[in-house]
Amino acid sequence: MHRYIPNTEEEIRQMLEEIGVKSIDDLFVDVPRTIDGYNIPEGKDEFTVRKFVEGIAKKNINFDPENIFLGAGIYYHYIPTVVKHMASNPNFVTAYTPYQAEVSQGTLQMLFEYQTMMCELTGMEVSNSSMYDGASAFAESLLMAVRVTGKTKMVVAKTINPEYRTVAKTYTKPQGIEIHELDYDQSGKVDIEKLKSSVDDKTAAVAIAYPNFFGVIEDLKAIREVIPQNVMFIVVAEPVSLALLEAPGKFGADIVVGEGQSLGVTPNFGGPGIGFFTTLEKHVRKMPGRIIGETKDLEGNKGYVMILQTREQHIRREKATSNICSNQAYIALINAIYISTMGPEGLKEVAWRSFNNAHYLAKKLEERGFSRIFNGEFFNEFVVKVPETYRQKWHEMVKDGILGPIPIDRVYKELGPSALVCSTEVNTKASIERLVEVMSK
């Protein structure tokens, strides 16, 4: 297996000895041999392979967007045609990392505008030009809090997306960072009294979601008031909701991160996403990723350059603040086009319609006996009690072309049989009432 690696047998032996294993196979002992037992056919010509793959694709169920009620971090919104048209410009599609500013002004300006828009949405002072996704952006926010405060304890709300929390643990455990998970109360918000007792002189940051995973809108003002000023306040925000809700920056947030998929990117089975990352200017040198700035050349002409690169091929490892070596510049472009196309009023209308649809759906479900578990105010998602047989029904809905509310009791066992319901502006009154009928059978 190492025939193409230009190392001598002696070099390989020395490396294995240093690592503490006897053979190369021992390096992969924990990797499942998933390929074993599969009968893989010989290669075919392109025409045959294409027909075969198309045959598999035809088995997929074509879901109408109005029948999608999944949320949990990935959302289906209507995307104006102009977004895809502008984003298909070859100059954007083929461009790579803009190291040479003199030949990358279009890409650099686009990223600069993206940063500006994310600051306006979150109410923060500076934004980087994107990260991989919401989960990695959240994990990186915890690492940044350690760099800023020098402390290693994190108080993280259980109402943050479970997948984000899992990624955060993967990032932080090897660095000796302690994550203390914070409970929620009957309203679905973080338990303020438990928050008070969880924060001590070792705490670097408190992290909450806004709205949280249950769809409930947290009281940022109340949370900030009980957090000492020397403890950082991290908010994981859903960007479309910020068109209606007060920006986290107005409540003293130190870092605001999240997933930008809902800003003009189709769900695509969960990806690609884009992580946005905003903070205060005083923390900018502790921030991961890259920042684009505006400047002037010797002749006074406006220009754009990368002014901060905290992890690139040409940065010394010991000075790096992040292991991310690239970003989601193309998805950032799509975000920028979408936000500028919608404008403040358009984005607010999307948020209002999502809010109204979700509350209409909640009312209809409650009339059929699907009561809400939490009484806190919600944006476009909420949790309801469901029968123990719901998971089977959830799978059966797919045959009817409905992606129904996702069961969450495997993660939040204490809730019992429950489902997270989501509605956006693409759901119609007819599709909502059809979902209620199917769930009630």
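Residues numbered from 1 in each chain as written. Predicted model: local features only at pLDDT ≥ 70, side-chain atom pairs only at ≥ 80, totals over all residues. Heavy atoms only, no water.

## Topic: the sheet that holds strand S11 (residues 406–407)
Working step 1: Strand order in the open sheet formed by 3 strands is S10-S12-S11, with antiparallel pairing between adjacent strands. On the outer flanks of this sheet lie strand S10 (381–385) and S11, each paired with one strand and no other.
Working step 2: Lying over the sheet, helix H11 (residues 329–367) contacts S10 and strand S12 (418–422), oriented at roughly 10° with respect to S10. (Pairing = 2+ DSSP bridges. Helix = DSSP H or I, 4+ residues; strand = E, 2+ residues; numbered from the N terminus. Contact = heavy atoms within 4.5 Å. Axes fitted to C-alpha atoms, helices over the stretch in contact; angles between N-to-C directions.)

## A short note on helix H6 (residues 105–122)
Working step 1: With 18 residues, H6 should reach 26 Å at 1.5 Å per residue; the first-to-last C-alpha distance of 26 Å fits that figure.
Working step 2: Within H6, the full set of buried residues consists of Thr107, Leu108, Met110, Leu111, Phe112, Tyr114, Gln115, Met117, Met118, Cys119, Leu121 and Thr122. (Expected span 1.5 Å × (residues − 1). Buried < 20%, exposed > 50% of the residue type's maximum accessible area, 1.4 Å probe, protein only.)

## Some remarks on the packing of aromatic side chains
Working step 1: What the rule picks out here adds up to 10 aromatic pairs.
Working step 2: With 5.2 Å between their ring centres and 50° between their planes, phenylalanine 112 and tyrosine 304 make a pair best called tilted. In this pair, phenylalanine 112 sits in helix H6 while tyrosine 304 sits in strand S9 (residues 302–309), placing the two residues 192 residues apart along the sequence. Each member of the pair phenylalanine 112 and tyrosine 304 is classed as buried. (Phe/Tyr/Trp six-rings, centres within 6.5 Å; stacked < 30°, edge-to-face > 60°.)

## Quick notes on the side chain of glutamate 381
Working step 1: Residue position: glutamate 381 is located in strand S10.
Working step 2: Side-chain polar atoms of glutamate 381 contact the backbone nitrogen of alanine 72, separated by 2.7 Å.
Working step 3: Side-chain polar atoms of glutamate 381 contact the side chain of tyrosine 75, separated by 2.5 Å.
Working step 4: Other than its neighbours up to four places away in sequence, glutamate 381 contacts Gly71, Ala72, Tyr75, Phe214, Gly215, Leu420, Val421 and Cys422. (Polar contact = N/O pair within 3.5 Å; in protein donor to acceptor, adjacent residues only side chain to side chain.)

## Examining H11
Working step 1: Between its first and last C-alpha atoms H11 spans 46 Å; for 39 residues at 1.5 Å apiece the expected length is 57 Å, and the helix comes up short by more than 12%.
Working step 2: Glycine 343 marks the point of greatest bend in H11, at about 95°, and the proline proline 344 comes within the next four residues.
Working step 3: Residue glycine 369 follows H11 closely and has a positive phi angle near 95°. (Bend = angle between axes of the 7 residues up to and from the residue.)

## Let's talk about the sheet that holds strand S7 (residues 275–279)
Either a parallel or an antiparallel arrangement is found when strands of a sheet pair, and the pairing is made through backbone hydrogen bonds.
Working step 1: Taken together, 7 strands build an open sheet; the order of strands is S1-S7-S6-S5-S4-S2-S3 and the sheet is mixed. In the strand order of this sheet, the two ends are held by strand S1 (126–127) and strand S3 (178–182), each with one partner.
Working step 2: With respect to the sheet, helix H8 (residues 162–172) is in contact with strand S2 (153–157), S3, strand S5 (232–237) and strand S6 (255–259), its orientation differing from that of S3 by roughly 160°.

## Here we look at the side chain of asparagine 335
Working step 1: Topologically, asparagine 335 is positioned in helix H11.
Working step 2: Asparagine 335 gets classed as buried once you look at its relative accessible area, which sits at 0%.
Working step 3: Within the structure, the side chain of asparagine 335 is placed 2.8 Å from the backbone oxygen of leucine 263, a separation counted as a polar contact.
Working step 4: Filtering out sequence-adjacent residues up to four positions away, asparagine 335 remains in contact with Tyr114, Gly260, Leu263, Val265 and Ile274.

## Some details on the nonpolar core
Working step 1: Of all hydrophobic cores here, the largest spans 87 residues; its most connected members are Phe138, Met154, Ile160 and Ile208.
Working step 2: In terms of residue count, the dominant contributor to this core is H11 (13 residues).
Working step 3: For phenylalanine 138, the residues in contact, after removing those within four places along its chain, are Val156, Ile160, Tyr164, Arg165, Ala168, Ala207, Val236 and Val257.
Working step 4: With 21 residues, the next largest nonpolar core counts Ala358, Ile402, Val421 and Leu435 among its residues. (Core = buried A, V, L, I, M, F, W, Y, C linked by side-chain atoms within 4.5 Å.)

## Re the pairing of S9
Working step 1: Relative to S9, strand S8 (residues 290–296) runs antiparallel, the two being bridged by 7 bridges. In the strand pairing of S9, glutamate 294 is matched with tyrosine 304.
Working step 2: In this structure, the hairpin formed by S8 and S9 is closed by a connection of 5 residues, where glycine 300 is found at a positive phi of approximately 85°.

## Considering the environment of tyrosine 390
Working step 1: With respect to the secondary-structure elements, tyrosine 390 resides in helix H12 (residues 390–399).
Working step 2: Sequence separation between tyrosine 390 and glutamate 259 is 131 residues; the distance between their C-alpha atoms is 29 Å.
Working step 3: With residues up to four places along the chain from it excluded, the contact list for tyrosine 390 reads Met397, Gly404, Pro405, Pro407, Ala419 and Met439.
Working step 4: A polar atom in the side chain of tyrosine 390 sits 2.5 Å from the backbone oxygen of proline 405.

## Focus on the pairing of S7
Working step 1: Counting buried positions over the 5 residues of S7 gives 5, a clear majority of the element.
Working step 2: Here S7 shows a buried face lined by Gly275, Phe277 and Thr279 and a second buried face lined by Phe276 and Thr278.
Working step 3: As paired strands, S1 and S7 are joined by 2 bridges and run antiparallel to one another. Pairing of serine 127 across the sheet is with threonine 278, part of S7.
Working step 4: With 5 bridges joining them, S6 and S7 adopt antiparallel strand pairing. By the bridge assignment, glycine 258 is partnered in S7 with phenylalanine 276.

## What to know about the environment of asparagine 212
Working step 1: Position of asparagine 212 among the secondary structure elements: in the loop between strand S4 (203–210) and helix H10 (220–226).
Working step 2: Residues asparagine 212 and glutamate 238, 26 residues apart in the sequence, show an inter-C-alpha distance of 8.7 Å.
Working step 3: Beyond its immediate chain neighbours, meaning those up to four positions away, asparagine 212 contacts Thr159, Gly188, Lys189 and Glu218.
Working step 4: Among the polar contacts made by the side chain of asparagine 212, one reaches the side chain of glutamate 218 at a distance of 3.1 Å.

## Remarks on unusual backbone geometry
Working step 1: Here the amide bond leading from tyrosine 210 into proline 211 is cis, since omega sits at -15°, within 30 degrees of zero.
Working step 2: Within the fold, proline 211 resides in the loop between S4 and H10.
Working step 3: Phi is positive for alanine 72, close to 60°, though the residue is something other than glycine.
Working step 4: Position of alanine 72 relative to the elements: it lies in the loop between helix H3 (46–57) and helix H4 (81–87).
Working step 5: One non-glycine residue, serine 130, lies in positive phi territory at about 110°.

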